[in-house]
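In case you want the letters, here they are:
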Amino acid sequence: SQTIHQWPATLVQPVGSPLSLECTVEGTSNPNLYWYRQAAGRGLQLLFYSVGIGQISSEVPQNLSASRPQDRQFILSSKKLLLSDSGFYLCAGGVSYNEQFFGPGTRLTVL
Amino acid sequence: GQQLNQSPQSMFIQEGEDVSMNCTSSSIFNTWLWYKQDPGEGPVLLIALYKAGELTSNGRLTAQFGITRKDSFLNISASIPSDVGIYFCAGNTGNQFYFGTGTSLTVIP
């Protein structure tokens, strides 16, 4: 079975600093990968998804970008963080369009 | 993006009671998934449904894929304290998933 790894678990960054969150997948090949943000209040907002290396679709125009340099690696980045970027970031993946498994999440606080 | 209507928003129940929650959508979905999320952790997949009318169980959990493909429900029987958490439904169409707003469950011992 597949496992989604994310790090770091928590991160506190100043406004204007860069960001790099990493997600890796274990136990499967060629997964579909997703980045979500979950604000307090529970809803999950889809940020990016990728169906293959170098293929990124963005759902929400924002201060963030994503990259997929390897089949099982998905990176969420920002050049300059804003206060509004604070939240709980979740990486998810699945080998078909009928399943989705989540990583443990990264709690980002921008001060 | 599209959001699913999930209800109730929150539930406070006595240990041992049964629980029922549901999700509805204006769109037809190919798949319905149900997740449980504990504070500070990622959602964990509980049940996946792939066919209209499908009824699937996982221990004390039972979920059904509505016949119209626009709704799904999750039942938890004989609740226990560790059932506490937020439950999400998710529907899939194409390569995207759409999530409900969550049902917060509190179980009173």
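Up top is the structure these notes are about.
In short, a report on the structure. (Residues numbered from 1 in each chain as written. Chains lettered and ligands numbered in written order. Predicted model: local features only at pLDDT ≥ 70, side-chain atom pairs only at ≥ 80, totals over all residues. Heavy atoms only, no water.)

### Structural notes on the sheet that holds strand β7 (residues 65–70) of chain A
Residues and elements named next belong to chain A. Pairing is antiparallel across the open sheet formed by four strands, whose spatial order is β1-β3-β8-β7. The sheet terminates laterally at β1 (3–7) and β7, the two strands that pair on one side only. Each strand axis lies, on average, 20 degrees off the axis of its neighbour in the sheet, ignoring direction. (Pairing = 2+ DSSP bridges. Helix = DSSP H or I, 4+ residues; strand = E, 2+ residues; numbered from the N terminus. Axes fitted to C-alpha atoms, helices over the stretch in contact; angles between N-to-C directions.)

### Observations regarding the state of the cysteines
Chemically, a disulfide is nothing more than a covalent bond linking the sulfur atoms of two cysteines. Residues and elements named next belong to chain B. Applying the stated criterion across every chain, the model contains two disulfides over all chains. Paired by a disulfide, Cys 23 and Cys 89 hold their sulfur atoms 1.7 Å apart. Disulfide Cys 23-Cys 89: the torsion about the S-S bond is -85 degrees, which places it as left-handed. Of this pair, Cys 23 sits in strand β3 (residues 19–24) while Cys 89 sits in strand β9 (residues 85–93), and the two are 66 residues apart along the sequence. Take Cys 89: its relative accessible area is 0%, and that puts it in the buried class. (Disulfide = S-S within 2.5 Å. Buried < 20%, exposed > 50% of the residue type's maximum accessible area, 1.4 Å probe, protein only.)

### Comments concerning the pairing of β9(B)
All names here are of chain B. Counting buried positions along β9 yields seven of nine residues, so the element is predominantly enclosed. Sheet topology note: the strand β4 (residues 31–37)/β9 ladder contains seven bridges and is antiparallel. Following the sheet pairing, Leu 33 is matched in β9 by Ala 90. Sheet analysis places β9 next to strand β11 (residues 103–108), joined by three bridges and oriented antiparallel. Residue pairing for β11: Gly 85 is matched across the bridge by Leu 105. When β9 meets strand β10 (residues 96–99), the two strands line up antiparallel, connected through four bridges. Following the sheet pairing, Ala 90 is matched in β10 by Phe 99.

### Here's the deal with unusual backbone geometry
Residue Pro8(A) is reached from Trp7(A) by a cis peptide bond, and omega for that bond is 0 degrees. Position of Pro8(A) among the secondary structure elements: in the loop between β1 and β2 (10–13). Cis geometry marks the peptide bond from Ser7(B) to Pro8(B); its omega dihedral reads -5 degrees. Tracing the backbone shows Pro8(B) in the loop between β1 (5–7) and β2 (10–14). Of note in this structure, Arg69(B) is not a glycine but carries a positive phi near 70 degrees. Looking at where Arg69(B) falls in the secondary structure, it is placed in the loop between β7 (61–65) and β8 (71–76).

### Focus: the sheet that holds strand β6 (residues 55–58) of chain B
Residue and element names in this part refer to chain B. Strand order in the open sheet formed by five strands is β1-β3-β8-β7-β6, with antiparallel pairing between adjacent strands. At either end of the open sheet lies a strand with only one pairing partner, and these are β1 and β6. Each neighbouring strand pair of the sheet contributes to a mean axis angle of 15 degrees, computed without reference to strand direction. Bridge analysis of β1 against β3 gives three bridges, and the strand direction is antiparallel. Counted as the bridge partner of Ser 7 is Asn 22 from β3.

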